[in-house]
Amino acid sequence: MDKNYILSLLAQIKKVQADPAGADMLPQNSFYLDYDKVVCCKRDIGESRYPYDSDGLVVWLRSTGFIDALESTFTIFRTANFGEESAVSFFGGVKKENGEYFPVSLTGSSRQMYEEGVNRYIVYSLKSAYCIAEYEGMVFALRIHVDKAKHIHFSLMAINETGEAKEFYLANFMEAMLRYSDFEKFWDRLTKFGKIENGTFVLSSRNNGKLDSLVINRKVTMGKSTAEYATAARGAFLGTKGLAINSSASLRQGKFDRQLTNVATTDLPCASEIIHMAADAGEAVRIDWDLVLCHKEEDVPSFIGYEIDADKIDAELNELEAAEKAAFDNIKIRFEGWKDGKVSAETFNKFLRSVQKQTSVCAHGKNYAGAYLGIRDVFQQLEGALIWQRELS
C-alpha cells in the first residue's frame, strides 16, 4: 500500500461521483470501479459485506464499517448485532484549536456523533479491502487482508494533503472474543486475559481448559512516531466508566491516562494503541499490524516480537490478487445488447464477477452462514466453483 495508489483510488471515486450517469452504478450509493473493485459510499438502508479468507479463516468487512472474523465455529472478532459496538476500530486523530483531537473513524464504525466534513469510502477488491476517510485535508486509509499463512493484516496510512506540516495520531482498538460460539455470557469474562509482552499484545480466552490466543504485533513501517501509548484494558481505552468507543476520553485527549499491561478479571482485555506521528505537506506515514491465531499455548512465544516486513506483505498480496484474478478469468461469460433500461450490460457482466467470488467463498470457506449451512448448499457451491477452480474444489 502506497500513497499514490490511495490517491489514485480517491481520484477514480470522485470522477464517478461527479458523473454517475456514465458509471456502473449499483443500488444504495455503490458502484463498480472495474471488474474487481466495488465501492460502497454512505447509505441510508441495507448493508453489504465482503469476505477475505485463507484456508477457511474469514474476515468480513461490512459496508457499515463493522469487522468480524471467524474460522468454522470459532469466533475471533464477534459479529456486532442490534446496535452493539464493533470489536475492531481504527482512528485518525486530527488536533483542534482547543488542544483536543477529533477522532476520525476509518471504517465508519464507532464514528463521532453528528460528525461533519468527513468523506468516507469502502473499496472491496478480490483479496483486500480499503477504508478511506478524508477530513480537513488529511487522508486516512486502512487496508485489510488475510495472507496464505492465515495471518490477518491491517495496514493503516495517513497522507498529509493540507499543504503544511501536520501532527496527528493513528489509533486502534481490538477486542477479541476467542470462543467456539457466537455469543458470550457475563461470567465468560472470568476466563479472558490480556497482556503486553515486549510490545506484543496477547489476548487469550480459556475454553474447556484449553487456552486460545490472538497474538498481535505492530510496526511503524513508514515515517516515525513521536509518542506512543498502549493499553490492554478496555476501561483504560474508554477513560472513564459509562463511555462507549465513539465517546472515548482517550481518543479526545490523544493518550491513555492508564497504560495497563496485564488484564484479568477486573476489566475486559483489548489491544489498543495511540501512536502520534508527524508528516510534512504531501508526505505519508504507515503502520502495520499482524494478527495470528494460536490454539496451542506453547505456540504463542514464537510469535512474540514477530518481525513485520511491509514490502514482503505487499508483494505477497499482489501475488494473491493476481492469482485470484487469473482463476476467475478462466470463465468467459458476457452479455451484450442488453435491452433493460435500468441495468447496463457492462454492469451486469461485472456483477457476474461478484457472483464468482461469492460462489468461491461458499464452496471453500468453513463458515459463511453459521448454523444455517446445509450439505446441499456446499455441494451446489462446489459444483459451481468446479468451472473455474477445478483443482481447489
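Let me sum up the structure you'll find in this document. (Residues numbered from 1 in each chain as written. Predicted model: local features only at pLDDT ≥ 70, side-chain atom pairs only at ≥ 80, totals over all residues. Heavy atoms only, no water.)

**Regarding the overall build of the chain**
Right, on to step 1. Along its length, the chain carries six helices and 21 strands.
Right, on to step 2. Relative to the globule expectation of 21 Å for 393 residues, the C-alpha radius of gyration of the chain, 21 Å, shows essentially globular dimensions.
Right, on to step 3. On the principal axes, the C-alpha backbone points of the chain span a range of 65 × 55 × 40 Å.
Right, on to step 4. In the chain, once contacts between residues fewer than 6 apart in sequence are set aside, the share between residues at least 24 apart is 65%.
Right, on to step 5. Side-chain charges in the chain split into 47 positive and 55 negative, and the spacing between the mean points of these groups amounts to 3 Å. (Helix = DSSP H or I, 4+ residues; strand = E, 2+ residues; numbered from the N terminus. Rg over C-alpha atoms; globule rule 2.2 N^0.38 Å. Contact = heavy atoms within 4.5 Å. Lys, Arg positive; Asp, Glu negative; His and termini not counted. Charge placed at Lys NZ, Arg CZ, Asp CG, Glu CD.)

**Side note on the sheet that holds strand β8 (residues 88–95)**
Right, on to step 1. A sheet is described by the order of its strands in space; here five strands give the open sequence β9-β8-β14-β20-β18, paired in antiparallel fashion. In this open sheet, the two strands that pair with only one neighbour each are β9 (101–105) and β18 (225–233). Strand-to-strand, the axes of this sheet are offset by a mean angle of 20 degrees, without reference to chain direction.
Right, on to step 2. With seven bridges connecting them, β18 and strand β20 (residues 269–279) associate as antiparallel partners. Looking at the pairing, alanine 230 lines up with glutamate 273 of β20. (Pairing = 2+ DSSP bridges. Axes fitted to C-alpha atoms, helices over the stretch in contact; angles between N-to-C directions.)

**Concerning the nonpolar core**
Right, on to step 1. With 62 residues, the main nonpolar core has Phe77, Phe154 and Met174 as its most contacted residues.
Right, on to step 2. Residues within four places of phenylalanine 77 in sequence aside, it is in contact with Ile67, Asp68, Ala69, Ala87, Val88, Met174, Glu175, Ala176, Leu214 and Leu291.
Right, on to step 3. Judged by nonpolar contacts, the second largest core, of 20 residues, contains Leu9, Ile13, Tyr121 and Ile132. (Core = buried A, V, L, I, M, F, W, Y, C linked by side-chain atoms within 4.5 Å. Buried < 20%, exposed > 50% of the residue type's maximum accessible area, 1.4 Å probe, protein only.)

**Describing the sheet that holds strand β4 (residues 49–54)**
Right, on to step 1. The strand order across the open sheet built from four strands is β4-β5-β6-β7, with neighbouring strands paired in antiparallel fashion. Of all strands in the sheet, those bounded by a partner on one side alone are β4 and β7 (74–77). The sheet shows a mean angle of 25 degrees between the axes of neighbouring strands, taken without regard to direction.
Right, on to step 2. In terms of strand pairing, strand β6 (residues 67–71) meets β7 through three bridges, oriented antiparallel. For leucine 70, the partnering residue across the bridge sits in β7 and is threonine 75.

**Considering a nonpolar patch on the surface**
Right, on to step 1. The grouping of Ile333, Phe335, Trp338 and Val343 at the surface amounts to a nonpolar patch, some 330 Å² of accessible area in total.
Right, on to step 2. Mapping valine 343 onto the fold places it in the loop between α4 (310–328) and α5 (345–364). (Patch = residues over 30% accessible without salt bridge, like charges linked within 9 Å, V, L, I, M, F, W, Y side chains within 5 Å. Areas by Shrake-Rupley, 256 points an atom, 1.4 Å probe, with all protein chains shown as cover. Salt bridge = Lys/Arg side-chain N within 4 Å of Asp/Glu carboxyl O.)

**As for helix α1 (residues 3–18)**
Right, on to step 1. In this model α1 runs 23 Å from its N-terminal to its C-terminal C-alpha over 16 residues, within 8% of the 22 Å that 1.5 Å per residue would give.
Right, on to step 2. Buried residues of α1: Ile6, Leu9, Leu10, Ile13 and Val16, and no others. One face of α1 carries all of its buried residues, which in axial projection span an arc of 125 degrees. Turned more than 90 degrees from where α1 packs its buried face, Asn4, Lys15 and Ala18 sit exposed.
Right, on to step 3. Here α1 starts with a cap whose side-chain oxygen sits 3.3 Å from the backbone nitrogen of asparagine 4, and that cap is aspartate 2. (Expected span 1.5 Å × (residues − 1). Arc of directions from axis to C-beta. Polar contact = N/O pair within 3.5 Å; in protein donor to acceptor, adjacent residues only side chain to side chain.)

**Quick notes on the environment of leucine 7**
Right, on to step 1. As for its position among the elements, leucine 7 is in helix α1.
Right, on to step 2. Beyond its immediate chain neighbours, meaning those up to four positions away, leucine 7 contacts Ile159 and Glu161.

**Remarks on the pattern of salt bridges**
Right, on to step 1. All chains considered together, the criterion is met by 30 salt bridges.
Right, on to step 2. Several salt bridges share partner residues, and in doing so they unite Asp36, Lys325, Asp329 and Arg353 into one network.

**Thoughts on the state of the cysteines**
Right, on to step 1. Taken as a whole and judged by the stated rule, the model has zero disulfides.
Right, on to step 2. Of all cysteine sulfurs, the one in cysteine 41 lies closest to cysteine 40, which takes part in no disulfide; the gap is 7.5 Å.
Right, on to step 3. Cysteine 40 provides the cysteine sulfur closest to cysteine 131, a residue in no disulfide bond, and the two sulfurs are 10 Å apart. (Disulfide = S-S within 2.5 Å.)

**Let's talk about the environment of phenylalanine 77**
Right, on to step 1. Structurally, the position occupied by phenylalanine 77 is in strand β7.
Right, on to step 2. In sequence terms phenylalanine 77 and glutamine 112 are 35 residues apart; their C-alpha atoms lie 22 Å from each other.

**Examining the packing of aromatic side chains**
Right, on to step 1. A full pass over the atoms with the stated rule returns 15 aromatic pairs.
Right, on to step 2. Centroid distance phenylalanine 303 to tyrosine 306: 5.9 Å. Interplanar angle 45 degrees. Geometry classified as tilted.
Right, on to step 3. Judged by relative accessible area, which is 18%, phenylalanine 303 ranks as buried.
Right, on to step 4. Positioned over the ring face of tryptophan 60 is arginine 49, at 3.6 Å from the centre of the ring. (Phe/Tyr/Trp six-rings, centres within 6.5 Å; stacked < 30°, edge-to-face > 60°. Lys NZ or Arg CZ within 6 Å of the ring centre and 35° of its normal.)

**A look at the side chain of threonine 347**
Right, on to step 1. For threonine 347, the location among the structural elements is in helix α5.
Right, on to step 2. Classification of threonine 347 as buried rests on a relative accessible area of 5%.
Right, on to step 3. A distance of 2.8 Å separates a polar atom in the side chain of threonine 347 from a polar atom in the side chain of aspartate 24.

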